[in-house]
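Coordinates in review
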There are 2 protein chains.
Amino acid sequence: MYSQLYNHINKFVKLSSGEEEILAALLKTVSVNKKAFLLEQGQICKANYFVVKGCIRLYFIDIKGAEQTTQFAIENWWLSDLTSFLFQKPSEFFVQAAETTEVIAIAHHHYEEMFTQLPKLERYFRLVLQKSHQAAQMRIRYLYSMTAEERYHHFNASFPEFVQRIPQYMLASYLGFTPEFLSKIRAKR
Amino acid sequence: MYSQLYNHINKFVKLSSGEEEILAALLKTVSVNKKAFLLEQGQICKANYFVVKGCIRLYFIDIKGAEQTTQFAIENWWLSDLTSFLFQKPSEFFVQAAETTEVIAIAHHHYEEMFTQLPKLERYFRLVLQKSHQAAQMRIRYLYSMTAEERYHHFNASFPEFVQRIPQYMLASYLGFTPEFLSKIRAKR
DNA sequence: CGCGACGTTGATTTGCCTCAACGATTGTGG
DNA sequence: CCACAATCGTTGAGGCAAATCAACGTCGCG
């Protein structure tokens, strides 16, 4: 039960089995079918999600009606619309399964309780957020210094197996261009 | 001494005066003149910086030789090249004062010690990082859904006083376009 | 099998960049 | 306190990367 999350946590802080039990009482496993939603625009984000298996994405619909993917999460990553989750206000985003996915959810009303009962996890989440912060910094760096084609090749070289797993239109929006343009890049070789 | 930082921390976690003293031993105040550097490309980022007064920015030089601003920090914000700081490896970024600035620095060799001695600060930094994460998510949202002109007007409406403080070329690169283009947007009204 | 989702291809358009020349403002040394 | 340079901002002409739009394949699934 939740052993994959425990393993991940234990890379950063050590939990006793008693502590694991306390944590377990606050968690819930959720299965989502491909294309199903954990959060839809206008709803309040109910939980922070840890991906056990599969892939979920965070996206929004822009003014022209196009989907824009802002984040992916695969195995051992957390994902949520933090703004909606923390302040319990309506979200401008969708959280959708890109594949059939199993996640561990920590609901909002358990989130603060978790830190009260297990202050060690403050450290775990700080370290997780530091990693996210680094990733976000890199993302901006690439967006501001590479052409669309360069970003695609770079991403493809960095995460070849991941590129296989997701539809091209999701990748295109994540990298900041259109599916048509991705198709044209690919046609070049 | 460091009272502005203590005030900021106390918004999130309460420190006793004894704890403030422990923290003080790990900190250092640094003054930087306008245009001077706290970090230059190729150097190892020595500290995480809290802005007491003024403004610093994180930027890099792209392949064409243009400066690209990835972050600003004004009063009560932390800034660092986390990748270089955490792993003590050479940075691809510059940290420069946009104005004459006073910062409080926590050096790398004190950073982990700080968390050991004052575990409460795990929580403080988690909360600070959560806020950064939200800001990064918004940033991507705007980049992916607005034109350059819209981003400028939106930023200008959101932070009118800040726009006055910094040169236009820094703002242009932060918003993801050229100084010339910013000039043309402004000429429209 | 047929339909809807996804991907491809080509023609055309456009938002923004590039480059270059020219003001304006700031700051610095004589 | 002025002269002059450097920095910063403006303006215009031309170009290009990527978007848009539309038509057409193709695959998977009910």
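Attention in this report is confined to the structure presented alongside it.

Basis of the calculations
- Residues numbered from 1 in each chain as written.
- Chains lettered and ligands numbered in written order.
- Predicted model: local features only at pLDDT ≥ 70, side-chain atom pairs only at ≥ 80, totals over all residues.
- Heavy atoms only, no water.
- Axes fitted to C-alpha atoms, helices over the stretch in contact; angles between N-to-C directions.
- Helix = DSSP H or I, 4+ residues; strand = E, 2+ residues; numbered from the N terminus.
- Left-handed = near helix turned anticlockwise from the far one by under 90°.
- Contact = heavy atoms within 4.5 Å.
- Nonpolar A, V, L, I, M, F, W, Y, C, P; charged D, E, K, R; others polar.
- Polar contact = N/O pair within 3.5 Å; in protein donor to acceptor, adjacent residues only side chain to side chain.
- Near = heavy atom within 4 Å.

With that settled, consider the packing of helix α6 (residues 148–158) of chain A against helix α8 (residues 168–175) of chain A. Residue and element names in this part refer to chain A. Relative orientation of the contacting elements α6 and α8 amounts to 115°, with a least axis distance of 10 Å. The handedness of the crossing between α6 and α8 comes out as right-handed. Residue-level inspection shows Arg 151, Tyr 152 and Phe 155 of α6 in contact with α8, the latter providing Leu 171, Tyr 174 and Leu 175. Here the residues of the contact of α6 with α8 are counted per class, giving five nonpolar, no polar and one charged.

All names here are of chain A. Among the secondary structure elements, Ser 84 is positioned in helix α3 (residues 82–87). As a C-alpha pair, Ser 84 and Lys 11 span 73 residues in sequence and 28 Å in three-dimensional space. Every residue in contact with Ser 84, bar those within four places of it in the chain, is listed here: Gln 43, Ile 44, Cys 45, Lys 89, Pro 90 and Ser 91. Here the side chain of Ser 84 touches Cys 45 through a polar contact of 2.8 Å, landing on its backbone nitrogen.

Our next topic: the protein's contact with DNA strand C. Neighbouring DNA strand C are 18 residues, the closest being Gln 168 and Ser 183 of chain A together with Lys 64, Ala 148 and Thr 178 of chain B. Between DNA strand C and Lys 35 of chain A, the relevant distance is 3.1 Å, taken from a phosphate oxygen to a side-chain nitrogen or oxygen of the residue. With respect to DNA strand C, the side chain of Ser 183 of chain A contributes an N or O atom lying 2.8 Å from a phosphate oxygen. Secondary structure elements with two or more residues in the surface near DNA strand C: α8 and α9 (179–187) of chain A together with α9 (179–187) of chain B. It is α9 of chain A that contributes the most residues to the surface near DNA strand C, five residues altogether.

So, about the protein's contact with DNA strand D. Within the structure, DNA strand D sits among 18 residues, and Lys 64, Ala 148 and Thr 178 of chain A together with Gln 168 and Ser 183 of chain B are positioned closest to it. Among the atoms of DNA strand D close to the protein, meaning within 4 Å, 65% are from sugar or phosphate groups. A distance of 2.7 Å is found between a phosphate oxygen of DNA strand D and a backbone nitrogen or oxygen belonging to Ala 148 of chain A. Examining the composition of the surface near DNA strand D, we find that five residues originate from one element, α9 of chain B, more than from any other. Residue classes in the surface near DNA strand D are distributed as six nonpolar, five polar and seven charged.

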